[in-house]
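# Structural overview for review
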Amino acid sequence: MPVRGSDRRALTVAGVGGFVLLALPAAVALSPWRLDQTTPGTTSQALGIAPDDLGDAVRLAVLLFVGTLVPGALAVLVLLRTGAIDLPRGRRFGVIAVLSVAIASVRTGALSLGLPAHLPGNLVPMEFLLAAGEALIALGLAAYYVDVRRQIRAEEQQRLAEAEHAARVSAELEHEELRVRREVSQRLHGGLQQRLVVAAAQLDEIERALEAHGEPGIARSVHELIDTLDTLREREVRALAHGLYPWAADLDLDAALALLADQLPPSVHLDVRYGSGVRPLLADGADPTLSPADRVALFSTVEEGVTNALRHGDARRIAVAIEAAAGHHETHHEGELVVRVTVDDDGSGLTGPGAELAGLAPQRARARRRGGDLTLGASPLGGARLDLRLPVRPVRHEVEELR
Amino acid sequence: MSAAHRAARVAIVEDEALLLGLLTRLVGAQPGLEVVATAQGQREALDTIPAGVDVAVLDIELLDGNGIVLGRALQARDPHVRILLLSSHNVLGLVRSVSADAPTPWSYLSKRSSTEPGLLVRTIAAVAHGRVVVDPALVRRSVPVDDSPLSRLTAAQFRVLQLVAEGYGNGAVAEDLGITPKAVEAQLTGIYRLLDLPAGANNRVAAVLAFLQQTVRPGA
């Protein structure tokens with residue numbers, strides 16, 4: 001994990017801040033002088049400061065402060081500029097140790113300069129060791145702080161990468177599932193249904209031949225068989241193909257809903273309204289437009305809502321409203337929209353809790369997986385209201401194809 | 001319609017090469033019909049279909065895009081083009097919603113019907129002559145929407161309107177029902193009055209459009 005600009009700032013603040021803290025006790029040089037005002041002849045004597053000379057004490061304090069802060073700040077600069085902060089820990093510790101010795105030398109030098117008299121011999125190495133230790137801790141902590149920051153960032157990036165990977169895998173799976181569903185659905189529709197048509201036509205000939213040969217009983221059985229085949233083809237195979245993949249979802253959403261409206265009982269009035277936010281996605285040649293997966297999700301939900309209204313609610317009027325708006329930036333990806341679909345009916349409403357949601361469970365799971373939701377409640381029209389919020393990501397045409 | 005005096009110019013757009021070949025042969029062999037362009041995709045169709053085409057026969061599923069978008073684009077370019085959609089699915093709901101704001105209502109034939117040579121040729125000829133044709137199998141499954149003007153037609157009137165929606169002329173309707181052409185005309189007058197069709201409009205087309213708008217095909 002490389003060092004970033006923010007790491008440089010953090011190292012500068014932590015390092016220089018550390019040395020400011022270390023430099024502050026230089027004021028200690030003033031306290032012996034203060035103390036000696038009341039109890040003369042103690043510390044300041046040991047340091048060789050004249051107890052009545054304030055100027056000496058101030059000069060010493062300033063020299064100690066500057067003599068700590070300036071080499072400390074320079075050492076931080078060296079760590080940053082030479083790239084020493086990026087070295088492996090052992091070698092970096094070596095650099096920090098060398099820098100600490102340098103800082104200690106400067107500080108001890110400043111101390112000697114500030115004292116009017118020579119220090120007692122044993123005080124110099126003690127002061128030197130103390131300064132070096134302090135500098136080592138200050139630089140070490142600043143470097144460690146940068147390490148911790150980098151590690152937190154690395155973990156965060158890994159977490160994000162894993163989340164993104166999971167989302168991509170999930171989207172790929174969804175796309176692949178849809179592709180397979182579509183293919184199987186087409187084979188059922190194009191292949192199996194056509195064969196059943198041909199088989200029925202051949203049985204037709206047999207039926208005619210049997211009648212011509214004076215076998216009305218067997219001919220009638222064959223006729224019943226043809227009826228069974230036709231029912232199988234018209235209902236079972238078609239329902240199966242539709243359940244796998246609603247063919248209409250290959251068209252625009254509005255076209256698919258127009259097809260749905262044509263297959264309702266004559267007593268039902270279906271009203272579909274599109275909001276201004278969703279229209280641009282549905283226009284001829286719209287680019288970007290709804291992805292096949294999103295079209296299927298939206299169409300299936302409306303279809304299931306309409307079916308519920310008819311089957312359980314005995315509705316005569318069904319109102320569908322579709323609108324899209326930009327998602328919240330914190331929780332959604334760039335370019336993502338949230339489509340809201342409501343299906344209202346004037347039927348008898350919800351009878352058993354949760355019962356009507358059974359058929360909607362896959363749609364609800366899909367919506368929740370994407371950060372949306374699907375709920376069933378009371379409608380202003382008197383019956384039930386199905387309410388879907390589905391985050392969608394409009395796609396460009398070239399990546400849209402399922403084929 | 002000028003197509004009455006010369007061969008009707010037909011364009012066929014179908015993504016399956018075999019079916020495209022079959023349709024082209026069927027239509028091309030028919031006196032009075034001339035195939036002037038064929039294409040398998042939406043873009044190719046827009047590039048190759050010349051001006052002055054009378055009928056565009058469009059499959060809904062195309063290599064790129066779909067027949068609905070293509071039909072709208074063709075009519076935007078030339079409002080006189082009449083559209084005949086082909087599909088293996090029931091797309092009548094779509095034809096109805098597209099026809100509501102198209103220059104001329106669209107016609108629709110299921111793919112199964114389109115491979116019946118007689119039916120396909122008769123349909124294209126009818127469309128070229130300005131009629132609107134709806135797939136016979138779906139016409140037979142149509143039910144009037146409750147409380148619509150169409151639901152007030154008598155059973156006999158509804159049957160006449162069904163045959164008109166299939167693209168038959170008065171003579172053929174009369175023959176099918178075993179009545180005189182005059183009786184058919186009388187029935188139609190009654191139908192137009194009940195449906196309250198605007199005066200001066202092409203009543204026959206308006207009646208088929210009303211048929212599309214006021215019927216459904218439950219479960220079809």
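In this report, we go over the structure that sits alongside the text. (Residues numbered from 1 in each chain as written. Chains lettered and ligands numbered in written order. Predicted model: local features only at pLDDT ≥ 70, side-chain atom pairs only at ≥ 80, totals over all residues. Heavy atoms only, no water.)

## Points about the nonpolar core
The nonpolar side chains of a soluble globular protein tend to be buried with one another. In plain terms, the rule: As used here, the term nonpolar core means buried Ala, Val, Leu, Ile, Met, Phe, Trp, Tyr and Cys residues forming a set that is joined through side-chain atoms within 4.5 Å. When accessible area is computed with a 1.4 Å probe and restricted to protein chains, residues below 20% of their type maximum are described as buried, those above 50% as exposed, and intermediate ones as partly exposed. Going along the chain from the N terminus, every DSSP run of H or I of four or more residues is numbered as a helix, and every run of E of two or more is numbered as a strand. Contact between two residues is taken to exist if any of their heavy atoms lie within 4.5 Å; hydrogens are not considered.
Ile318, Ile322 and Val341 of chain A together with Leu85 and Leu94 of chain B are the most contacted members of the largest nonpolar core, which has 93 residues in total. Considering every element that reaches this core, the biggest residue donor is helix α11 (residues 203-213) of chain B, with 8 residues. Excluding residues that lie within four positions of it along the chain, Leu94 of chain B makes contacts with Leu251, Ala255, Ala258 and Leu259 of chain A together with Ile60 and Ile68 of chain B. Leu20, Val121, Ala126 and Val127 of chain B belong to the second largest nonpolar core, which has 22 residues in total.

## Details of the interface of chain B and chain A
Quick reminder of the rule: When two components associate, each loses some accessible surface as probed by a 1.4 Å sphere; the sum of these losses over both components is called the buried area. What makes a salt bridge here is a side-chain nitrogen of Lys or Arg within 4 Å of a carboxyl oxygen of Asp or Glu, nothing more.
Taken residue by residue, the interface counts 30 residues in chain B and 21 residues in chain A. Where chain B abuts chain A, roughly 2,000 Å² becomes buried across the two surfaces, and 49% of that area is made up of carbon and sulfur atoms. Taken together, the links from chain B to chain A amount to 2 salt bridges. With a shortest N-O distance of 2.4 Å, Arg217 of chain B and Asp262 of chain A are connected by a salt bridge. Listing elements by their share of the side of chain B that touches chain A, those giving two or more residues are α3 (67-77), α4 (92-99), β6 (143-144) and β7 (215-216) of chain B. It is α4 of chain B that provides the largest number of residues to the side of chain B that touches chain A, a total of 5 residues.

## Regarding the packing of aromatic side chains
Residues and elements named next belong to chain B. Let me state the cut-off plainly: Any pair of Phe, Tyr and Trp rings, taking the six-membered ring for Trp, is counted once the centres come within 6.5 Å. Such a pair is stacked with planes under 30 degrees apart, edge-to-face with planes over 60 apart, and tilted for the rest.
In the structure shown here, the tally under the stated rule is 1 aromatic pair over all chains. A ring pair is formed by Phe158 and Phe211, whose centres lie 5.9 Å apart and whose planes are at 35°; its orientation type is tilted. With Phe158 in helix α8 (residues 155-165) and Phe211 in helix α11, the pair connects residues that are 53 residues apart, well separated along the chain. The class for Phe211 is buried, based on a relative accessible area of 0%.

## Let's talk about α4 of chain B
α4 of chain B sits mainly inside the fold: 7 of its 8 residues count as buried. Every buried residue of α4 of chain B is listed here: Leu92, Gly93, Leu94, Val95, Arg96, Val98 and Ser99 of chain B.

## Quick word on the environment of Ser142 of chain B
Residue and element names in this part refer to chain B. Let me state the cut-off plainly: N or O atoms within 3.5 Å of each other form a polar contact, as long as, within protein, one can give a hydrogen and the other can take it, and as long as residues adjacent in sequence are counted only when both atoms are side-chain atoms.
You can see Ser142 is positioned in the loop between α7 (136-140) and β6. Its relative accessible area of 6% is what places Ser142 among the buried residues. Between the C-alpha atom of Ser142 and that of Pro218, which follows or precedes it by 76 residues, the distance is 7.9 Å. When near neighbours in sequence (up to four residues on either side) are disregarded, Ser142 contacts Phe158, Gln162, Phe211, Thr215, Val216 and Arg217. Reaching out from Ser142, the side chain makes a polar contact with the backbone oxygen of Leu138 at a distance of 2.8 Å. Within the local environment of Ser142, its side chain forms a polar contact with the side chain of Arg217, the two groups lying 2.7 Å apart.

## A look at the sheet that holds strand β3 (residues 55-59) of chain B
Residue and element names in this part refer to chain B. To be explicit about the condition: Note on pairing: DSSP must find at least two bridges between two strands before they are called paired. All axes here are fitted lines through C-alpha atoms, helices being fitted over the stretch that makes contact, and every angle between N-to-C directions spans 0 to 180 degrees.
The parallel open sheet is built from 5 strands, whose spatial order is β2-β1-β3-β4-β5. Either end of the sheet is taken by a strand with one partner, and the two such strands are β2 (33-39) and β5 (107-110). Averaged over all pairs of adjacent strands, the angle between strand axes in this sheet comes to 20°, irrespective of strand direction. Sheet topology places strand β1 (residues 8-13) next to β2; 6 bridges connect them, and they run parallel. Bridged to Arg9 within β2 is Glu34.

## Concerning helix α4 (residues 54-81) of chain A
To keep it simple, the criterion reads: To estimate the expected span of a helix, count its residues, drop one, and scale the result by 1.5 Å.
Taking 1.5 Å per residue as the helical rise, α4 of chain A with its 28 residues ought to reach 40 Å, and the 40 Å between its terminal C-alpha atoms agrees with that figure. Directly after α4 of chain A, the chain includes Gly83 of chain A, whose backbone phi takes a positive value near 75°.

## Considering the pattern of salt bridges
Residue and element names in this part refer to chain A. Summed over the entire model, instances satisfying the criterion amount to 24 salt bridges over all chains. A salt bridge links Asp7 to Arg153, with the shortest nitrogen-to-oxygen separation between them at 3.3 Å. Residue Asp7 is located in helix α1 (residues 5-23), and its partner Arg153 is located in helix α6 (residues 123-212); the two are separated by 146 residues in the primary sequence. Of the two residues, Asp7 and Arg153, neither departs from the other in class, the shared state being buried. Ionic pairing is found between Asp271 and Arg273, a salt bridge with its closest N-O pair at 3.3 Å. With a relative accessible area of 56%, Arg273 lands in the exposed category. The structure contains a network of salt bridges with shared partners spanning Asp86, Arg89, Arg92, Asp147 and Arg150.

## Section: the environment of Ile218 of chain A
Residues and elements named next belong to chain A. Summarising the element assignment, Ile218 is placed in helix α7 (residues 216-244). In this structure Ile218 comes out as partly exposed when scored by relative accessible area, which is 45%. When the C-alpha atoms of Ile218 and Glu207 are compared, they prove to be 8.0 Å apart, with 11 residues separating the residues in sequence.

## Focus: the pairing of β3 of chain B
All names here are of chain B. Burial analysis of β3 places 5 of its 5 residues in the buried class, which makes it a mostly covered element. One ladder, built from 4 bridges, connects β1 with β3; its direction is parallel. In the sheet register, Val10 faces β3, and the bridge partner there is Val55. Sheet topology places β3 next to strand β4 (residues 82-87); 5 bridges connect them, and they run parallel. From the neighbouring strand, Val55 faces β4, where its bridge partner is Arg82.

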